[in-house]
Amino acid sequence: MKHSSILILATAIVFNFQFSIVNSLSAQTTEPDAEYNLIRRTYKVNADGSMDIRIRKEIKLLRKGETFIEYNPAFESLTINESYTQRPDGTKVQTPQNAFINQLPSSCVDCGRYNGIREMAIVHTALEYNCIVVLDYTLHRNSGVLAERFNTSTDCPVKRYEITYPDGHKQVLTDIPQTLNDPYMPAKQGYDVEFQIGAIPQYTAESGIPEARKVVNGLKKEDAKASIAAIRDWVVDYVVLNPINPARVNYAITPAAQVFQQNCGTAIDKTGLLAAMLNEAGFKATIVNGSLSVFGDKPLEVEMTIDSKVYRLSATDKRALMDTDEALAAAEDKPVYIDRRLEWNPDTLVDGYFRITLPDEKEVFNINPAFLPPSRKSDVQATAAPQFIHYTMELPKGINLLGDEVDVEYTLPEVGSINIIVKQKKNRLLITRSLRLRKAVITQKDYNDFRRLMIDWNSFKELLFKAK
């Protein structure tokens, strides 16, 4: 299935659905714990401007299952249309009433202004191997504002995915592979679906925040960039991030003073606080990306100019402070070069034997081969940035490398090439390691060759020596 992006401007409804299962998958296997027979989303706009979204999910389950649906009773109501388990013999077991638990989401416990939000927890019953759990519900939303975005891939394969949009047209996708198998999955496997209704607020920065003046003054440094980074780090570290969907609060931004006093907020709230604190410190900060902030790949950022250079900061992570040109250059697949001298600091074994373990360089691409099984049903996220490592080490007199010198060099045309050299010249140890991959995403067709490269790339990192 080719990747595609679908953008539809229409009326719709946001919901928050999580299907969690006790996952026995380890990274060594690609077999799913469950499979969706059907996912159906139907969006409807009512004459009074309210919106309904009806969701139906039929999942063949191999483990215990629960469903969590968040909603805000202030302007949303939830109706369960159907909830039952179909056993392998065809009999249906209705979900009992005591399996529906209306509770406060854990993310809202420590943030008082969100205590009105609710989470319907549904504990599915009569589960056994190859049973099918069916859940059909409608979320009615009294709001004229909605921004919906999702990817059709889930952590389980999907046989059939149906989407009926507010304008009445229908889309059907089939045989969508699962995603979250292991940490080396590419970010997306399915289709992006995006549509919006109404005007999402254009978030603007407050001119300052007197309530935080003492904190801001204590964070100021002599250097402007250091001051900005210190204020940003304080917001990231000390203001609790609430991960609720912005739709649950109708995309509202909380005043900076309230976020500061209550010490919690959504990513939107934290962005507003960061901008206000920077303005309190004397910087001219604005909020950029506007309504796109509700979508994860284009989050709100705070922007300012220092010495004619434009900087953008996130209120939720502490990346190195770079101007927009530096950030663009850093995103490119630039070669990784490491050239340094290692000190002789071995593990002492018995009878005059020693062991040196080469360091793990954080800049260097690496995948543990233990996480790459002999066969795989999904792509692998790699890197197209060439990797070059060169080490030298002065050995004590009388110390010799055990075994033959290492000289591994080959090319797999569709995947890449590798070169590893380990040799001793008198009292000097020379190590060269290089890896070139032709592409950043490895498909199933090239998986076996890629796995071979990764096994060799992780080899020859422990070296044994013997004293004469």
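Look up a bit, the structure's there.
Computed from a prediction, not measured in an experiment: that's the story for all the values here.

Reading guide: rules and limits
Residues numbered from 1 in each chain as written. Predicted model: local features only at pLDDT ≥ 70, side-chain atom pairs only at ≥ 80, totals over all residues. Heavy atoms only, no water. Helix = DSSP H or I, 4+ residues; strand = E, 2+ residues; numbered from the N terminus. Buried < 20%, exposed > 50% of the residue type's maximum accessible area, 1.4 Å probe, protein only. Contact = heavy atoms within 4.5 Å. Areas by Shrake-Rupley, 256 points an atom, 1.4 Å probe, with all protein chains shown as cover. Salt bridge = Lys/Arg side-chain N within 4 Å of Asp/Glu carboxyl O. Pairing = 2+ DSSP bridges. Disulfide = S-S within 2.5 Å. Core = buried A, V, L, I, M, F, W, Y, C linked by side-chain atoms within 4.5 Å. Axes fitted to C-alpha atoms, helices over the stretch in contact; angles between N-to-C directions. Expected span 1.5 Å × (residues − 1). 1 Å grid on protein atoms, 1.4 Å probe; cavity = no way out; pocket = protein on both sides within 12 Å on 5 of 7 lines; lining within 4 Å. Points joined across faces, edges and corners; volume = space filled by probe spheres on them. Polar contact = N/O pair within 3.5 Å; in protein donor to acceptor, adjacent residues only side chain to side chain.

Enquirer: Which parts of the structure should I look at to understand the overall build of the chain?
Expert: Within the chain one finds 6 helices and 30 strands. Taken across its 468 residues, the chain has 49% of its residues classed as buried. Pairs at least 24 apart in sequence give 74% of the contacts found in the chain among residues at least 6 apart. In the structure as shown, the chain presents an accessible area of about 23000 Å², 49% of it carried by carbon and sulfur atoms.

Enquirer: Whenever I open this one, the environment of threonine 152 confuses me. Can you help?
Expert: The topology assignment puts threonine 152 in the loop between strand 11 (146–151) and strand 12 (158–164). Considered as a pair, threonine 152 and leucine 173 are 21 residues apart in the sequence and their alpha carbons are 8.6 Å apart.

Enquirer: Would you mind showing me how to read the pattern of salt bridges here?
Expert: Pairing is possible between side chains that carry opposite charge, provided their charged atoms lie close to one another. For the structure on display, the rule yields 26 salt bridges. The partner of aspartate 237 in a salt bridge is lysine 318, with the nearest N and O atoms 3.0 Å apart. Here aspartate 237, found in helix 2 (residues 224–238), pairs with lysine 318, found in the loop between strand 19 (309–313) and helix 5 (324–330); they are 81 residues apart in sequence, far enough to count as distant. With a relative accessible area of 44%, aspartate 237 lands in the partly exposed category. One salt-bridge network, in which partners are shared between bridges, spans Arg54, Arg56, Glu58, Glu82 and Asp136.

Enquirer: Before we go on, may I ask you to explain the pairing of strand 13 (residues 170–176) in this structure?
Expert: Every other side chain in a regular strand lies on the same face of the sheet, so the side chains alternate between the two faces. Where strand 12 and strand 13 come together, 6 bridges link them in antiparallel fashion. Bridge assignment links isoleucine 163 to a residue of strand 13, and that residue is glutamine 171. Following strand 12, the chain reverses through 5 residues before pairing antiparallel with strand 13; glycine 168 in that reversal takes a positive phi of roughly 100°.

Enquirer: I keep staring at the state of the cysteines and nothing clicks. Help me out?
Expert: Linking two cysteines covalently through their sulfur atoms gives a disulfide. Counted according to the given criterion, the structure contains 1 disulfide. Two residues share a disulfide in this structure: cysteine 111 and cysteine 264, whose sulfurs sit 1.9 Å from each other. What sets the handedness of the cysteine 111 and cysteine 264 disulfide is the S-S torsion sign, and at about 80° it is right-handed. Taken together, the residues span a long stretch of sequence, with cysteine 111 in the loop between strand 8 (100–103) and strand 9 (118–123) and cysteine 264 in strand 16 (residues 264–265) at a distance of 153 residues. The exposure classification of cysteine 111 matches that of cysteine 264, with both residues buried. You can see cysteine 108 has no disulfide; the closest cysteine sulfur is in cysteine 111, sitting 7.4 Å from it. In this structure cysteine 108 comes out as buried when scored by relative accessible area, which is 0%.

Enquirer: How should the nonpolar core be read in this particular structure?
Expert: Burial of nonpolar side chains together is a common tendency in soluble globular proteins. Counting residues in hydrophobic clusters, the biggest one holds 69 residues, and the most contacted among them are Met277, Leu278 and Met304. With 7 residues, helix 4 (residues 267–280) is the largest single contributor of residues to this core. When residues no more than four places from it in sequence are discounted, the contact partners of methionine 277 are Ile209, Ala212, Val215, Val216, Ile231, Trp234 and Val235. Among the nonpolar cores identified, the runner-up in size contains 38 residues, and Leu342, Ile389, Leu412 and Phe465 belong to it.

Enquirer: Could you clarify how one ought to interpret the sheet that holds strand 20 (residues 336–342) in this entry?
Expert: Taking strand neighbours across the sheet as the criterion, the 5 strands line up as 20-24-28-27-26 in an open arrangement whose pairing is mixed. In this open sheet, the two edge strands, each paired with only one partner strand, are strand 20 and strand 26 (406–412). Neighbour-to-neighbour, the strand axes of this sheet turn through a mean angle of 5°, independent of strand direction. Sheet analysis places strand 24 (residues 387–394) next to strand 28 (residues 428–437), joined by 8 bridges and oriented antiparallel. Across the sheet, residue glutamine 387 finds its bridge partner in strand 28, namely leucine 435. Along the sheet, helix 6 (residues 447–457) makes contact with strand 24, strand 26, strand 27 (416–425) and strand 28, crossing strand 27 at roughly 20°.

Enquirer: Please clarify how helix 4 should be interpreted in this entry.
Expert: The α-helix winds at 3.6 residues per turn, so residues separated by three or four positions along the chain end up facing the same way. Between its first and last C-alpha atoms helix 4 spans 20 Å; for 14 residues at 1.5 Å apiece the expected length is 20 Å, and the two agree. Extensive coverage of helix 4 is indicated by the burial of 13 of its 14 residues. Phi for glycine 282, located one or two positions after helix 4, is positive at around 105°.

Enquirer: Could you clarify how one ought to interpret the sheet that holds strand 22 (residues 353–357) in this entry?
Expert: Paired through backbone hydrogen bonds, the strands of a sheet run either parallel or antiparallel to each other. Judged by pairing direction, the sheet is antiparallel, and its 4 strands sit side by side in the order 21-22-30-25 without closing on themselves. Either end of the sheet is taken by a strand with one partner, and the two such strands are strand 21 (347–348) and strand 25 (399–401). Where strand 21 meets strand 22, 2 bridges bridge the pair, whose relative direction is antiparallel. Bridge assignment links aspartate 347 to a residue of strand 22, and that residue is arginine 355.

Enquirer: Help me out: how do you make sense of the layout of surface pockets in this one?
Expert: By volume, the second largest pocket amounts to about 230 Å³. What lines the second largest pocket is a set of 13 residues, and nearest its centre among them are Glu301, Arg312, Arg319, Met322 and Ala327. Of all elements in the fold, only strand 19 and helix 5 reach the threshold of two or more residues within the lining of the second largest pocket.

Enquirer: Just to check I follow, could you spell out the side chain of threonine 67 for this structure?
Expert: Tracing the backbone shows threonine 67 in strand 5 (residues 65–71). The buried category is assigned to threonine 67, whose relative accessible area is 0%. Looking at threonine 67, its side chain comes within polar contact range of the side chain of histidine 124, at 2.7 Å.

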